[in-house]
Amino acid sequence: MEGSKRIGSALISVYHKEGLEPIVRELGRLGVHIFSTGGTQAFIEGLGVPVTAVEDLTTYPSILGGRVKTLHPKVFGGILGRRGLDSDVAQLEEFEIPPIDLVIVDLYPFEATVAAGGTEDEVIEKIDIGGISLIRAAAKNHRDVVIVPAQAQYAELLRLLQEQDGSTTLAQRKRFATAAFGVSSHYDSAIHGWFAGSEGDLRLSAGPTTVLRYGENPHQQAAFHGDLEGLFEQLHGKALSYNNLLDLDAGLELIDDLSSLNGVPFAILKHNNACGASVRPTLKEAWDAALAGDPVSAFGGVLVTTASIDKATAEAIDAIFFEIIVAPGYDADALEVLMRKKNRIILRRKPATRPTRKVRTALNGVLAQDADTALEEAGAMKAATKVAPLEVQLSDLVFANILVKHTKSNAIVLAKGHQLLASGTGQTSRVDALEQAIAKARKFEFDLQGAVMASDAFFPFPDCVEIAHQAGITAVVQPGGSIRDQESIDYCDAHGMAMCITGNRHFKH
């Protein structure tokens, strides 16, 4: 094996011990001299595997409450010493520094501490100093040293130890080093982000990379950078595509907002927009109502709900072709039904925190903004007209406003009874969006009498409320903010319509 080197000594200093035991036992079997400190040393001793305390190597104790343990020339000299350079070898011998061939590190959980709402002092204490230094030193000297920078690499190391009897090739060590600098970069980016908040330069590190079949189109290469396995368990079907991931992102954001309403939400998405959505007392009723919104566009769609899928609903869903279904769980007999199509993607959603910042490339740089987490509940619907919405209308306005928030601008949503009747999406004119929605609702024979309308931005003229009134719409919600708001309000007052203003625009581009 090219550049093969056998591991003779190892330094192990990890935060999480899960998965470490088989590695330690294999190193013991191979006769590797292990150095360690603190809790890791105690763990190894508990396994009955010989281990030398780092303090015995350095002749210095762990000090400053554990802040300084491995930061010493006898540790870093052993890692950074170049075995093929005579002057380095001579100095290692002169200062009695033993070479260290393997470094295993698992950093303090900085991001997890931040996510858990840790205090400033708790977060700062989870900024790893010694560990990150060990990672960088060992990765730099990967010609001679193997670096294992995180739990994610434990399995690969164990396989190599067992299959290659403690030896590694240069290519393998370089692969570990590449992962190590990825861990180091991500860790430092997270720390910078915490200190800087939204004020500092953007440091983007999104986690592991998943190479995708292609991008939006087959001639575009693409990859996803992030922990998909932390969000989904794929139970069935082909690999997720670039477009699938965009639809999933849009679907999860929508369904999470719809879950604020009483009942079971179900949404069907195509090209990042809902073509069907409803909230009903039962899952089956929610599916039926969502599908009725646009059974044509539902073909090849992405289905999202917050309820576990039962057999009755699965059989109804199975009647159409769809790309993906996402739910928190599936009954065993429901899975049997859904798995009849081999390429159908079935995902079980895991509890996970979603990003609070949105990032996209633009021009010769990157745009970053807060995620649109504003959610206008009934109390935020301020009646601007003489006629206030009835309770049933108000409930529908809240529902419609959630949908229009998650629809491409310019957007109009028509709804009744917590069911999406139709939407106008991505139009350059708000009137065009409304006329598109009305035409679509009529195509599927929905009665718009008593329905409500939601707009993602203000009405610059009263033409939209005029058209809506003529179609049978009786209540409207919009953010307001036009210098001609009063003209739309006056029209509603003259025709007995209710209008609510939220104060929040929800453009989506």
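Check the entry above for the structure.
Position numbers for residues count from 1 along each chain, tracking the sequence in the order it is written. Thresholds applied to this predicted model are a pLDDT of at least 70 for local features of residues and 80 or more for the giving and counting of side-chain atom pairs; totals over whole chains, interfaces and linings are not thresholded and use all residues. Excluding hydrogens and water, the side-chain figures rest on all heavy atoms present in the structure.

Before going further, it helps to spend a moment on the overall build of the protein. Starting at the N terminus, helices and strands are each numbered in turn, a helix being any DSSP run of H or I of at least four residues and a strand any DSSP run of E of at least two. Helices and strands together make up the secondary structure of the protein, namely 18 helices and 23 strands. By the compact-globule yardstick of 23 Å for 509 residues, the protein is too spread out, its C-alpha radius of gyration being 30 Å. When the backbone C-alpha atoms are referred to their principal axes, the protein occupies close to 95 × 50 × 45 Å. Buried, partly exposed and exposed residues are distinguished by accessible area as a fraction of the type maximum, computed with a 1.4 Å probe on protein chains only: under 20%, between the cut-offs, and over 50%, respectively. Per-residue burial for the protein yields a buried fraction of 49% across its 509 residues. Residue pairs in contact within the protein that sit at least 24 positions apart in sequence constitute 57% of those at least 6 positions apart. Reported accessibility uses the Shrake-Rupley method at a 1.4 Å probe radius. Residues are deemed covered only where the shown protein chains occlude them. On the protein, roughly 24200 Å² of surface is accessible, and the fraction owed to carbon and sulfur atoms is 52%. Side-chain charges in the protein split into 48 positive and 63 negative, and the spacing between the mean points of these groups amounts to 5 Å. The globule rule used for comparison is 2.2 Å times the number of residues to the exponent 0.38, while the radius of gyration itself is calculated over C-alpha atoms. A contact between two residues is defined here by any heavy atoms of the two lying within 4.5 Å. In this charge count, Lys and Arg are treated as positive and Asp and Glu as negative; neither His nor the chain ends contribute. Note that the charge is assigned to NZ on lysines, CZ on arginines, CG on aspartates and CD on glutamates.

Turning our eyes to something else, we now look at the sheet that holds strand S15 (residues 345-349). With mixed pairing, the 6 strands of this open sheet are ordered in space as S10-S15-S14-S13-S11-S12. Each end of this open sheet is capped by a strand with a single partner; those strands are strand S10 (232-236) and strand S12 (273-280). Direction aside, neighbouring strands of the sheet carry axes that sit 20 degrees apart on average. In this scheme, strands are said to pair when DSSP sees at least two bridges between them. Direction of pairing for strand S11 (residues 264-270) relative to S12: antiparallel, over a ladder of 7 bridges. What sits directly across from Val-264, in S12, is Arg-280. Relative to S11, helix H11 (residues 242-258) is tilted by about 155 degrees, and along the sheet it contacts S10, S11, S12, strand S13 (301-305), strand S14 (322-327) and S15. Angles here are taken between N-to-C directions and fall from 0 to 180 degrees, while the axes themselves are lines fitted to C-alpha atoms, restricted in helices to the stretch in contact.

Considering only enclosed or pocket space, the second largest pocket measures out at about 470 Å³ in volume. Only protein atoms enter the 1 Å grid used here. Points where a 1.4 Å probe fits but cannot escape make up a cavity, open sets with protein on both sides within 12 Å along at least five of seven lines make up a pocket, and a residue lines them when an atom lies within 4 Å of a point. What lines the second largest pocket is a set of 26 residues, among which Gly-66, Arg-67, Lys-69, Tyr-108 and Asp-128 lie closest to the centre. Among the secondary structure elements, those contributing two or more residues to the lining of the second largest pocket are strand S2 (9-14), helix H2 (38-46), strand S5 (102-106), helix H7 (120-125) and helix H8 (130-140). Grid points are joined across faces, edges and corners, and a volume is the space filled by probe spheres set on the points.

Our next topic: empty space enclosed by the protein. With the rule as written, the count across this model stands at 1 cavity of 30 Å³ or more. Lining the largest cavity are Lys-5, Arg-6, Ile-7, Asp-101, Asp-144, Val-146, Thr-168 and Arg-173.

Take Val-398: it is sitting in helix H15 (residues 391-405). Separated by 300 residues in sequence, Val-398 and Pro-98 have C-alpha atoms that sit 69 Å apart. Among residues more than four places away in sequence, those in contact with Val-398 are Leu-261, Glu-376, Glu-377, Ala-378 and Met-381.

Here Arg-349 is to be found in strand S15. Along the chain, Arg-349 and Ala-327 lie 22 residues apart, while their C-alpha atoms are 5.7 Å from each other. Within the local environment of Arg-349, its side chain forms a polar contact with the side chain of Asp-256, the two groups lying 2.8 Å apart. In the analysis that follows, any N or O atom pair within 3.5 Å is treated as a polar contact, provided that within protein one partner can donate a hydrogen and the other can accept it, and provided that, for residues neighboring in sequence, both atoms belong to side chains.

This next bit is on the packing of aromatic side chains. Two rings from Phe, Tyr or Trp (for Trp, the six-membered ring) form a pair when their centres are within 6.5 Å of each other. A pair whose planes differ by under 30 degrees is stacked, one over 60 is edge-to-face, and the rest are tilted. All chains considered together, the criterion is met by 6 aromatic pairs. Ring geometry for Phe-299 against Phe-321: centres 4.9 Å apart, planes inclined by 45 degrees, an arrangement best described as tilted. Taken as a pair, Phe-299 in the loop between helix H12 (283-293) and S13 and Phe-321 in the loop between helix H13 (311-317) and S14 lie far apart in primary sequence, 22 residues in all. Given the relative accessible area of 53%, Phe-299 is considered exposed. Residue Phe-321 is classed as partly exposed on the basis of its relative accessible area, which comes to 42%. These aromatic residues form a ring-pair network of at least three members: Phe-110, Tyr-187, Trp-194 and Phe-195.

Along strand S21 (residues 452-455), one buried face is formed by Val-452 and Ala-454 and the opposite face, lined by Met-453 and Ser-455, is buried too. Where strand S19 (residues 412-415) lies against S21, 4 bridges are found, and the strand directions are antiparallel. Note that in S21 the partner of Ala-415 across the bridge is Val-452. Two elements, S21 and strand S22 (residues 475-478), share 3 bridges in a ladder whose sense is parallel. Following the sheet pairing, Ala-454 is matched in S22 by Val-477. By convention a crossover is right-handed if, when the strands point away from the viewer, the path from the first strand over the helix to the second runs clockwise. With respect to chirality, the unit in which S21 leads through helix H17 (residues 463-471) into the neighbouring parallel S22 is right-handed.

If you walk across this open sheet you meet the 6 strands as S18-S23-S22-S21-S19-S20, and the pairing is mixed. Edge strands, defined here as strands with exactly one partner in the open sheet, are strand S18 (382-383) and strand S20 (420-424). As paired elements, S18 and strand S23 (residues 498-501) share 2 bridges and run antiparallel to each other. By the bridge assignment, Ala-383 is partnered in S23 with Cys-500. Where helix H16 (residues 430-443) meets the sheet, its contacts fall on S19, S20 and S21, and the angle it forms with S20 comes to roughly 145 degrees.

Time to look at the side chain of Asp-294. Looking at the element boundaries, Asp-294 is found in the loop between H12 and S13. Note on Asp-294: relative accessible area 2%, which makes it buried. Contact partners of Asp-294, with chain neighbours within four places excluded, come to Cys-275, Lys-440 and Phe-444.

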